[in-house]
Structure formats: C-alpha cells, structure tokens
Amino acid sequence: MLSIVPSKDIETIAIEVEGRASKADVEKLDHVIREKVGEKGHFNMYAIIYKVEDSTLFDAADSADIDRESWSQARKFAVISEKDWTSAANGWQGFADGLETRHFKLDEMNDAWEWVQE
C-alpha cells in the first residue's frame, strides 16, 4: 500500500510504501503531484519504503494513468529504505532530467528531510 503522509515542507510530497502498491495508490499519488505542480510548478518526493515486492511498485506505476508532464517537474527524490532503490528511481531520469535522487537508511530520516529541503 502506498500512503500519503504529512510533509515537513510545502514543496515536498511525503509517502510511505509497504506491501503491495496498487494502480489506485499510484493514481492517488498522481492527483497529489498534479496539485503540487499546479501550486508550486515543481515538487520534491520523500519516500519511506518498507518491505515491498520488487516489482509491485513499478507494475502499479506502469499500469496507472499518470500525468507524465507533472511527474517531470520532480526536483529531488529522497528514498528512505534499507534497500537502495535509487537505481530504480533513476528511471525517472528519462522525463525528469533535473531530478536528484539520494538513498537514506531508515535511521537517517532526519538527514533525508534536511537534504530534500536544501
């Protein structure tokens, strides 16, 4: 499940992912991204990823109807997880050329917030 959680920064969308992410989860996130881009013109992502099947998140994203133009406005993507997902997040590089991604371990959540807010 992908959940949108409170963010410490108005330019950052914070999410948590655990278990299976569904097409509906990704489409809900897409709606939030569209709103953030409409307000700010860009956004950052702060994603805490717990235990997830390797393909479930990407299968859900591939099957969802998302606004690639809005998603391309991503600036920073902090990935907080025991597993380093940044290589998978680099798939955004094709349509979010200025995107910076960085991996943080679960005990580095505060460091991730500091980095994403720089």
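Heads up: the structure comes first, above all this text.
Our subject in this report is the structure included herewith. Source: prediction; values computed, not measured.

### A few points about the environment of V32
Reasoning step 1: One can find V32 in helix 1 (residues 23-40).
Reasoning step 2: With 19 residues separating them along the chain, V32 and I13 place their C-alpha atoms 7.9 Å apart.
Reasoning step 3: If we ignore the near neighbours within four places in the chain, the residues touching V32 are I4 and I13.

### With respect to the nonpolar core
Reasoning step 1: Ranked by size, the top nonpolar core spans 21 residues in total, and within it I13, I15, L29, I33, F43, M45 and I49 carry the most contacts.
Reasoning step 2: Secondary structure elements with two or more residues in this core: strand 2 (12-19), helix 1, strand 3 (43-52) and strand 4 (74-80).
Reasoning step 3: Tallying contributions element by element places strand 3 first for this core, with five residues.
Reasoning step 4: Within the second largest apolar cluster, 10 residues are counted, among which are I48, A78, W115 and V116.

Here is what the cut-offs are and how they apply
Residues numbered from 1 in each chain as written. Predicted model: local features only at pLDDT ≥ 70, side-chain atom pairs only at ≥ 80, totals over all residues. Heavy atoms only, no water. Helix = DSSP H or I, 4+ residues; strand = E, 2+ residues; numbered from the N terminus. Contact = heavy atoms within 4.5 Å. Core = buried A, V, L, I, M, F, W, Y, C linked by side-chain atoms within 4.5 Å. Buried < 20%, exposed > 50% of the residue type's maximum accessible area, 1.4 Å probe, protein only.

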